Amino acid sequence: MVMWVFGYGSLIWKAGFNYDDRVVGFIRNYRRVFYQGSTDHRGTPEFPGRTVTLEPAEGEVCWGAAYRISNEEDKRTAITYLEVREKQYDQKAYLDFFTDPAAITPAVCGVTVYIGSPDKKINQNYLGPAPLEDIARQIVLAEGPSGPNRDYLFQLEKALLQIGCEDKHVKDLADEVRRLLSERKLKGEEV
């Protein structure tokens, strides 16, 4: 049986596992938001970074990339890898994946999607909504084992543009982070 995994964050530009095919498309009724804390990749337990999760949003779409994995060994390796990489995401959903905005029938049914839920009892890393400026400030300052949090944001922005998607939340946040970095540089602060 073939396995599909949908990436809407760093999986878009860095799968990290073997796959047969990468298909650009979207899931419906969700939106990408920087509400998930990262204490293991883009931040620390003392100062978490922010990464994306999904939030239900009727009528919206979230673009990304779906990866098709058919080889049994590759599937086992991908699952093991993703369970570690996505360990701070407490839910797995199996959603319909579309490639054509006019389509009624999905291109793939049941793609695996990792989601950080807003339930702080089971997802201790959920940070939730905050003013754009506050999220941007946190992203400017956070850094973890995988590097500065702002690199994650800028790589996501670039990866989305490369697949033909401009995500308003990501763009507005990236613009605000660039503004804050420019301001810090003018003040002679470390950037």
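For clarity, every value in this text was computed on a predicted model and none was experimentally measured. Once a new chain begins, its residue numbering starts again from 1 and follows that chain's sequence as written. Residues qualify for local features only when their pLDDT is at least 70, as the model is predicted, and side-chain atom pairs are given and counted only at 80 or more; totals for whole chains, interfaces and linings, by contrast, use all residues. Note that water and hydrogens are dropped before the side-chain values are worked out from all heavy atoms of the structure.

Across soluble globular proteins, you tend to see nonpolar side chains buried next to one another. Membership of the largest hydrophobic core comes to 50 residues, with the highest contact counts inside it found for Phe 6, Tyr 8, Phe 17, Phe 34, Leu 54, Val 113 and Leu 153. Counting from the N terminus, the helices are the DSSP runs of H or I reaching at least four residues and the strands are the DSSP runs of E reaching at least two. In terms of residues, this core owes the most to one element, strand 3 (residues 49-69), which gives 7 residues. Those residues in contact with Val 113, other than ones at most four positions away along the chain, are Phe 6, Tyr 8, Leu 54, Gln 91, Lys 92, Ala 93 and Leu 95. Buried Ala, Val, Leu, Ile, Met, Phe, Trp, Tyr and Cys residues form a nonpolar core when they are joined through side-chain atoms within 4.5 Å. Only protein chains enter the area calculation, which uses a 1.4 Å probe; residues under 20% of their type maximum are buried, those over 50% are exposed, and those in between are partly exposed. Whether two residues are in contact is decided by their heavy atoms: any pair within 4.5 Å suffices.

Below, the discussion takes up the packing of helix 2 (residues 132-141) against helix 4 (residues 168-186). Lines fitted to the C-alpha atoms define the axes, with helices restricted to the stretch that makes contact. Angles between their N-to-C directions range from 0 to 180 degrees. At a minimum axis separation of 9 Å, helix 2 and helix 4 run at an interaxial angle of 60 degrees. On the basis of the axis angle, helix 2 is oblique to helix 4. Considering the relative orientation of helix 2 and helix 4, their crossing is right-handed. Residues Leu 132, Glu 133, Ile 135, Ala 136, Arg 137, Ile 139, Val 140 and Leu 141 of helix 2 lie in contact with helix 4, whose contacting residues are Asp 172, Leu 173, Glu 176, Val 177, Leu 180, Leu 181 and Arg 184. We call Asp, Glu, Lys and Arg charged. Ala, Val, Leu, Ile, Met, Phe, Trp, Tyr, Cys and Pro are nonpolar, and the rest, Gly among them, are polar. Among the residues making up the contact of helix 2 with helix 4, the classes are represented as 10 nonpolar, no polar and 5 charged. Any angle from 65 to 115 degrees is called roughly perpendicular, while one under 35 is roughly parallel, one over 145 is roughly antiparallel, and all others are oblique. Two helices that cross are described as forming a left-handed crossing if the nearer one is turned anticlockwise from the farther one by less than a right angle, and a right-handed crossing if clockwise.

Inspection of the sheet shows strand 1 (residues 3-7) paired to strand 3 by 5 bridges, in the antiparallel sense. Its bridge partner lying in strand 3, Met 3 is registered against Ile 69. Here 15 bridges tie strand 2 (residues 21-38) to strand 3, and the two strands are oriented antiparallel to one another. Paired with Arg 28 across the bridge in strand 3 is Val 61. A pair of strands is considered paired only if DSSP assigns at least 2 bridges between the two.

This part covers helix 3 (residues 149-162). Multiplying 1.5 Å by the helix residue count minus one yields the expected span of that helix. With 14 residues, helix 3 ought to run about 20 Å at 1.5 Å a step, and its terminal C-alpha atoms sit 20 Å apart, in line with that. In this structure, the buried residues of helix 3 make contact with strand 2, strand 3, helix 2, strand 6 (143-144), strand 7 (147-148) and helix 4. Immediately downstream of helix 3, the backbone of Gly 164 shows phi near 85 degrees, a positive value.

A few words now on the pairing of strand 1. Most of strand 1 is tucked away: 5 of the 5 residues are buried. Burial along strand 1 is two-sided: the face carrying Met 3, Val 5 and Gly 7 and the face carrying Trp 4 and Phe 6 are both buried.

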